[in-house]
Amino acid sequence: MLKRIVTLLVAFPAAALLVTLAIANRHTVTMVLDPFNPETPIVSLALPFYVYLFCAAILGVIFGGFATWMSQGQYRRQARSRGAEVRRWQAEAERLAHERDARVAKRGSELPAPADRAAA
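Q: I tried to follow the overall build of the protein chain on my own but got confused; where do I start?
A: For the protein chain, the count of helices and strands is four helices and two strands. Traced from its N-terminal end to its C-terminal end, the protein chain shows the element sequence α-β-β-α-α-α. Its C-alpha atoms give the protein chain a radius of gyration of 35 Å, more than 25% over the compact-globule value 14 Å for 120 residues. When its C-alpha atoms are laid out on the principal axes, the protein chain stretches across 115 × 40 × 20 Å. Looking at the 120 residues of the protein chain, the share that counts as buried comes to 4%. Surface accessibility of the protein chain: about 10,500 Å² in total, with carbon and sulfur atoms responsible for 68%.

Dropping the structure here:
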């Protein structure tokens, strides 16, 4: 419940900010993709300015996430190797427990029955 409240407290102001930004920057801007002839461009794109802002923000999030993911590769690799080591040690512990249980069962079957002990 608390997580949902915090999400709403962050989401509503962020949405209000984005809507305000879009309304304030709704005029059309032409982006010229022809650096050699900007007066009569071959390739240009005319969109509202907020579209460019949103695209820049989305690309920033994507590239930032990718950079973070790449920089944390060493920690993921270390976690994988330690996980494999944990599984190896757990298998060894289970094997030793089975050997111990087999030895205890064997030793228990070698002891004389309680009635045989009383007769001896």
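Next comes the rest of the account.
Q: For this particular structure, what's the right way to read the pattern of salt bridges?
A: Side chains carrying opposite charge are able to pair once their charged atoms draw close together. Evaluation of the coordinates by the stated rule reveals three salt bridges. For the salt bridge of arginine 95 with glutamate 92, the shortest nitrogen-to-oxygen distance reads 2.6 Å. Taken together, the residues span about one helical turn, with arginine 95 and glutamate 92 both in helix H3 (residues 73-110) at a distance of three residues. For arginine 95, a relative accessible area of 40% translates into the label partly exposed.

Q: Sorry, what's going on with a nonpolar patch on the surface here?
A: A cluster of nonpolar side chains, Met1, Leu2, Ile5, Val6, Leu9 and Val10, forms an exposed patch at the surface whose accessible area comes to about 670 Å². Overall, the relative accessible area of 60% leaves leucine 9 in the exposed class.

Q: How do you make sense of the side chain of asparagine 25 when you look at a structure like this?
A: Note on placement: asparagine 25 falls in the loop between helix H1 (2-24) and strand S1 (28-32). Overall, asparagine 25 belongs to the buried group, its relative accessible area being 15%. In contact with asparagine 25, not counting residues within four places along its chain, are Pro48, Phe49, Tyr50 and Leu53.

Q: Help me understand the packing of aromatic side chains, please; the structure alone is not making it clear to me.
A: The description of two aromatic rings rests on the distance between their centres and on the angle between their planes. Counted by the stated rule, this structure contains two aromatic pairs. Both rings, one in tyrosine 50 and one in phenylalanine 54, keep their centres 5.7 Å apart while their planes meet at 65 degrees; by these two values the pair is edge-to-face. Taken together, the residues span about one helical turn, with tyrosine 50 and phenylalanine 54 both in helix H2 (residues 49-71) at a distance of four residues. The class for tyrosine 50 is partly exposed, based on a relative accessible area of 25%. Seen from their ring centres, phenylalanine 66 and tryptophan 69 are 6.2 Å apart, and the 35 degrees between their planes marks the pair as tilted. Taken together, the residues span about one helical turn, with phenylalanine 66 and tryptophan 69 both in helix H2 at a distance of three residues.

Each value, and the rule that gives it
Residues numbered from 1 in each chain as written. Predicted model: local features only at pLDDT ≥ 70, side-chain atom pairs only at ≥ 80, totals over all residues. Heavy atoms only, no water. Helix = DSSP H or I, 4+ residues; strand = E, 2+ residues; numbered from the N terminus. Rg over C-alpha atoms; globule rule 2.2 N^0.38 Å. Buried < 20%, exposed > 50% of the residue type's maximum accessible area, 1.4 Å probe, protein only. Areas by Shrake-Rupley, 256 points an atom, 1.4 Å probe, with all protein chains shown as cover. Salt bridge = Lys/Arg side-chain N within 4 Å of Asp/Glu carboxyl O. Patch = residues over 30% accessible without salt bridge, like charges linked within 9 Å, V, L, I, M, F, W, Y side chains within 5 Å. Contact = heavy atoms within 4.5 Å. Phe/Tyr/Trp six-rings, centres within 6.5 Å; stacked < 30°, edge-to-face > 60°.

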